[in-house]
Amino acid sequence: DLTKGYVEVSKSYRQRAIRHIKRGKERGLEIFKWEGDEATFEGWYRLYRQKGVEKEFSPRTSGYIKQFFTYSGEKCRAELYCAAYQDKLVGGIVLLKGVSSALYLFGTSKNIDKVSPAYLLQDYAIRELCNRNFKSYDLHGISGEGGRGSHLAGLDQFKLSFGGEKVVRHPSFDTPLKPLLYYFYSILERWRMRRYRGSNRDS
């Protein structure tokens, strides 16, 4: 909830976030909005792809992510905020902004001198959204009840450190219209994901 403004929202931050934000500022990390140059985007994408290998998730292709910026309009637009340390790119986050609410889509960062740029990036995003009178910001994706989304458990501490409310939504699911075809599709999809992750790990 951003309706109270940045000052009040930041008061709800937990000590973990406050500590990392303070350290980031002391170390001289700079946060800036991407203005569309190819070199900055490709630098961010390399970090994002590398994080996928480290955390064993399948990163989206650069073409897929670029579509969010290509098709941005007045009522729905994507923005990339980047973090730099000593003129070297060390992280970035992609937000999808509607009229009054925003959604965190993609992000990656590289720890610098025991500081995670991710905290300063999210704080910057929250400040920007508050300054533009946005009503809410969804950090999107933590673990759920009954073991749901257990692979996201590592993000719980990070995302909840910004003092937001945990919201539980109904999970999505597939309804096979052709069970036999779906069975073979599932096998091929699992094989494709294993092969993709293996090729990423080798690259």
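Look a little higher up for the structure.
Conventions adopted
- Residues numbered from 1 in each chain as written.
- Predicted model: local features only at pLDDT ≥ 70, side-chain atom pairs only at ≥ 80, totals over all residues.
- Heavy atoms only, no water.
- Helix = DSSP H or I, 4+ residues; strand = E, 2+ residues; numbered from the N terminus.
- Buried < 20%, exposed > 50% of the residue type's maximum accessible area, 1.4 Å probe, protein only.
- Contact = heavy atoms within 4.5 Å.
- Areas by Shrake-Rupley, 256 points an atom, 1.4 Å probe, with all protein chains shown as cover.
- Axes fitted to C-alpha atoms, helices over the stretch in contact; angles between N-to-C directions.
- Parallel < 35°, antiparallel > 145°, perpendicular 65-115°, else oblique.
- Expected span 1.5 Å × (residues − 1).
- Core = buried A, V, L, I, M, F, W, Y, C linked by side-chain atoms within 4.5 Å.
- Lys, Arg positive; Asp, Glu negative; His and termini not counted.
- Salt bridge = Lys/Arg side-chain N within 4 Å of Asp/Glu carboxyl O.
- Phe/Tyr/Trp six-rings, centres within 6.5 Å; stacked < 30°, edge-to-face > 60°.
- Lys NZ or Arg CZ within 6 Å of the ring centre and 35° of its normal.

Some points on the overall build of the chain
Right, on to step 1. For the chain, the count of helices and strands is 7 helices and 5 strands.
Right, on to step 2. When the 203 residues of the chain are sorted by exposure, 35% land in the buried category.
Right, on to step 3. When contacts within the chain are restricted to residue pairs at least 6 apart in sequence, those whose partners lie at least 24 apart make up 62%.
Right, on to step 4. Total accessible area on the chain stands at roughly 13100 Å², and carbon and sulfur atoms take up 52% of it.

Remarks on the packing of helix α2 (residues 15-27) against helix α5 (residues 117-131)
The relative placement of two packed helices is expressed as an angle between their axes plus a distance between the axes.
Right, on to step 1. Here α2 crosses α5 at 100°, and the two axes come no closer than 8 Å. Classified by the angle their axes make, α2 and α5 are roughly perpendicular. From α2, R16, A17, H20, I21, G24 and K25 reach across to α5, where they touch Y119, L120, D123 and R127.

Observations regarding α5
Right, on to step 1. The end-to-end C-alpha distance of α5, which contains 15 residues, comes to 21 Å, matching closely the 21 Å that a straight helix rising 1.5 Å per residue would cover.
Right, on to step 2. With respect to burial, α5 is a largely interior element, 12 of its 15 residues being buried.
Right, on to step 3. Every buried residue of α5 is accounted for by P117, A118, Y119, L120, L121, Q122, D123, A125, I126, E128, L129 and C130.
Right, on to step 4. Immediately downstream of α5, the backbone of N133 shows phi near 60°, a positive value.

A look at the nonpolar core
Taken as a class, soluble globular proteins show a tendency for nonpolar side chains to be buried jointly.
Right, on to step 1. The biggest cluster of nonpolar side chains holds 30 residues, and the ones touching the most others in it are L2, Y13, I126, Y137 and F162.
Right, on to step 2. Broken down by secondary-structure element, the contributors of at least two residues to this core are α1 (6-10), α2, β2 (77-85), β3 (88-97), β4 (101-109) and α5.
Right, on to step 3. Residue contributions to this core peak at 8 residues, all from α5.
Right, on to step 4. Setting aside residues no more than four positions away along its own chain, L2 makes contact with V9, I126, L129, C130, F134, K135, S136 and Y137.
Right, on to step 5. Judged by nonpolar contacts, the second largest core, of 14 residues, contains Y48, I65, V94 and F106.

Some thoughts on the side chain of D123
Right, on to step 1. With respect to the helices and strands, the residue D123 is situated in helix α5.
Right, on to step 2. The side chain of D123 is buried and forms no salt bridge, while R127, the nearest opposite charge, is found at 4.1 Å.

Section: unusual backbone geometry
Right, on to step 1. Not every positive phi belongs to a glycine, and Q86 is a case in point at roughly 50°.
Right, on to step 2. Relative to the helices and strands, Q86 resides in the loop between β2 and β3.
Right, on to step 3. Taking the relative accessible area as the measure of exposure, Q86 reaches 65% and is therefore exposed.

A closer look at the packing of aromatic side chains
Right, on to step 1. For the structure on display, the rule yields 17 aromatic pairs.
Right, on to step 2. Ring geometry for F41 and F69: centres 6.3 Å apart, planes at 85°, overall edge-to-face. Of the two residues, F41 sits in helix α3 (residues 38-55) while F69 sits in helix α4 (residues 62-70), which places them 28 residues apart along the sequence. Of the two residues, F41 and F69, neither departs from the other in class, the shared state being buried.
Right, on to step 3. Pairing Y45 with Y48 gives two aromatic rings, centres 5.8 Å apart and planes at 50°, and the pair type is tilted. Highlighted residues: Y45 and Y48, both in helix α3, separated by 3 residues, approximately one helical turn.
Right, on to step 4. Site record: aromatic cluster; members linked through ring pairs are W34, F41, W44, Y45, Y48, Y64, F68, F69 and F106.
Right, on to step 5. Directly above the aromatic system of Y64 lies the positively charged group of R60, at a separation of 4.5 Å from the ring centroid.
Right, on to step 6. A cation over a ring is seen here: K97 above F134, with NZ or CZ 6.0 Å from the ring centre.

Examining the pattern of salt bridges
Right, on to step 1. Scanning the entire structure with this criterion turns up 9 salt bridges.
Right, on to step 2. A salt bridge links E79 to R77; its shortest N-O distance comes to 3.9 Å.
Right, on to step 3. The class of E79 is buried, set by a relative accessible area of 6%.
Right, on to step 4. Judged by relative accessible area, which is 23%, R77 ranks as partly exposed.
Right, on to step 5. Here E128 makes a salt bridge to R132, at a shortest N to O gap of 3.3 Å.
Right, on to step 6. Here the salt bridges share partners, and the residues they tie into one network are K33, R77, E79, K97, E128 and R132.

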